Structure formats: structure tokens, C-alpha cells
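# Examining the three-dimensional arrangement
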Amino acid sequence: MIVTMVSVPDGGTTTVSVPEARRRLATDPFLLLGVELPEEEGPAQEPVVRQLGLDDEDLEWFGRPEGSPRAEFLGDTAGFVVPVVRAGQVHHVHALASESFLVVVHWGRRAGLAGDIRALVRRERPHDAVAALFLLLQEALSTFRRAAVEALLQVEELEDDMFEERRPEQIYRLSQLRRHSAVLHHALLPYLQGVDEVITRRMLSPDFPVERQRLAQELQRAARLVLADIESLQDASRRAFASYGSLVAGEQNGVINRLAIVSVIFLPLSFLTGFFGMNFEFLTNRLETRDEFWLLAVGLQLVAVVGSLFLLHRSRIWRRLRDDD
């Protein structure tokens, strides 16, 4: 376990030992700690809350790998399991905040928000741990927004490319983006519902400070915007699938129209061939000269072909094919 202390207001970080972090949690009036745990579980270790001196039966989940979102107030502390998006994948970080400290637990460096938190601390200069917590929650929402916007732009680019040239790999990429939007929505929606319920319940309390009410309202507003971005991504992916299906249907209609033209041309030819292939008296006894053969057997077929082409040229099918080409 690696414990990093973030200093305020410069946002610098210092690696401290677990005993030192435990001592600072008990004495400092404002402390930000980041705890990095290995991605692969090693031998059974003492729970994080006990190592940091935060023993509480309600905090047994804190620091244990789990993917279920969580948002709850536990007396003087607030605990969250926050989903974040890193490299296209959804990870979870644990956050525990009180009036005097904010402890963030993550697994490996990919899922951590340490760099983002340092930048936010330098820019926003939070005055207490609760304000730093809201910064953390806002930054987690920002990872979803960036992922949704990036995927949305990719969907729009694919949709434009489809109208230029349709390729099989486009539908595969669209399927991946549609699945990605579903993963984002599935990961974020339960978390937002839990956070909204907890914040709404706390805002109804008369002792909830006005400044924190403002932070909570900003978080709720940002959550609705991020959820709207993800829903826009889902709508765009569905629209792109519909566009791809329309293009395929248009190409199939073109093939059917061409087959119809071929059938219109060869149908009278087939009829004439079948007619003159019959062995009844008129054909066997009357058509004896070469001129009669060329006139009826070949001339009628030429007339049929020219007439069919003329009618097709005057029809909508011909004009539609010409416009498509």
C-alpha cells in the first residue's frame, strides 16, 4: 500500500508511511490522502480502514475491491464508490471524507485521480475536505463526459464515411461504440441515482451549510449534463446504425431494379423463343423461306428489345438508376 499526501494549496505530493498517515489523520485539521493498492490481490492484509485508524463497522467495504457504486453518509463521514473512465475502461475508486480529511483509494495507477486532484487543488484551492470531495466527484464526472464526447465524435465521423464509401469494418466499429455507450450508461446511472438521493436528503437538513448546498447543486447539474451526453451518444449510435441499414437497403433496391430491367428485356425474348419453338401447323408448313424467318424470328425480337428499352427509358426506374450512378 502506497500512501500519498497532497498538500494545499500548491498541490504537491509526498509519500508517507502508514503510521505517519494514521497520525496525521488524527491530528491535522485538513488532510488529503491518496492510497494506491496493487491491481492484483496479494496475500490477505489488514483492511485499509484499520491500517489508517478509521475502524468502523460501516466502513468494512472501504478499500475492498468491488464494482458496485455507493454513496452514503455515515454520521460525520461520507463514503463513495466512484466510477471513473480511464483508457476507455470503467474503474472504481473509493472516497471517504469528513470535516478534516479526504482519503481516496484506487487500484494501480490507471484508475487513480492523483494527477487530476493535484491540478484541481492548485487551481481551486479548496478550503476544507468536503470541498475537495466535491472536486473529486466533479472530476470523476468529467472523465465520463470526455469519454462520451470522444465516442460521439467517432460515431459522427463513421457516419460521414459511410456516405462516402460503405465498408464492413464500419458496422463493427459502430457496434463497439454502441457497446461502449451502454457500458458508460450502465456504470454511471446507478451511481448518479445513489448520489442524488443522498445529496437531496442532506440538503433537506436545516444544518447543511449554504456553501455546500451550492456545491451539491453544481454536482447534480453536472451529473445531468453528463448523463445527457451519454444518452446523446446512444442516440447517435442508433442513428448511425439506421443510416447504415438505409444504405444497405438502397443498394439492395438498386440490385432489384437492375434485375427488373433484365427481366423486362428478356421476358419478351423468352416468349418469342418459346412461341417459335412450337411445332404446330402454321410454323411448320407456312414459314419456309429465310426472309420469313428473319422477319418473324429475329425482327420481332429486335422490336421487343427496342420497345422494352424505350419504355424503361421513359419510366421512373431508369431515371432512378441513372441518378444513383
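A quick note: this is a predicted structure, and the numbers were derived from the prediction, not measured.

## Examining the pattern of salt bridges
Within the structure shown, the criterion is met by 6 salt bridges. For aspartate 235, the salt bridge identified is with arginine 238, shortest N-O distance 2.9 Å. A residue pair is termed a helical-turn pair when its members lie 3 or 4 positions apart in one helix, as aspartate 235 and arginine 238 do in helix H6 (residues 210–276) at 3 residues. Arginine 238 gets classed as partly exposed once you look at its relative accessible area, which sits at 41%.

## A short note on the environment of serine 100
By the secondary structure assignment, serine 100 is in the loop between strand S6 (89–97) and strand S7 (101–107). Sequence-wise, serine 100 and threonine 77 are 23 residues apart; in three dimensions their C-alpha atoms are separated by 9.7 Å.

## Observations regarding the pairing of S7
Extensive coverage of S7 is indicated by the burial of 7 of its 7 residues. Of the two faces of S7, the one lined by Phe101, Val103, Val105 and Trp107 and the one lined by Leu102, Val104 and His106 are each fully buried. Note that strand S3 (residues 31–37) and S7 share 7 bridges and pair parallel. From the neighbouring strand, valine 35 faces S7, where its bridge partner is valine 105. Where S6 meets S7, 4 bridges bridge the pair, whose relative direction is antiparallel. The residue bridging histidine 94 from the neighbouring strand is valine 105, located in S7. In this antiparallel pair of consecutive strands, S6 and S7, the connection spans 3 residues.

Thresholds applied
Here the residue index of a chain counts from 1 through its sequence in written order. Residue-level local features of this predicted model are given only where pLDDT is at least 70; pairs of side-chain atoms are given and counted only at 80 or more, and the full residue set underlies all totals for whole chains, interfaces and linings. Working from all heavy atoms in the structure, the side-chain values ignore hydrogens and water. For salt bridges, the criterion is a side-chain nitrogen of Lys or Arg within 4 Å of an Asp or Glu carboxyl oxygen. Helix and strand assignments follow DSSP, with helices taken as H or I runs no shorter than four residues and strands as E runs no shorter than two, numbered in order from the N terminus. Each residue is placed in one exposure class: buried if its accessible area under a 1.4 Å probe, protein chains only, is under 20% of its type's maximum, exposed if it is over 50%, and partly exposed if it falls in between. Pairing between strands is defined by DSSP: at least two bridges between the two strands are required.

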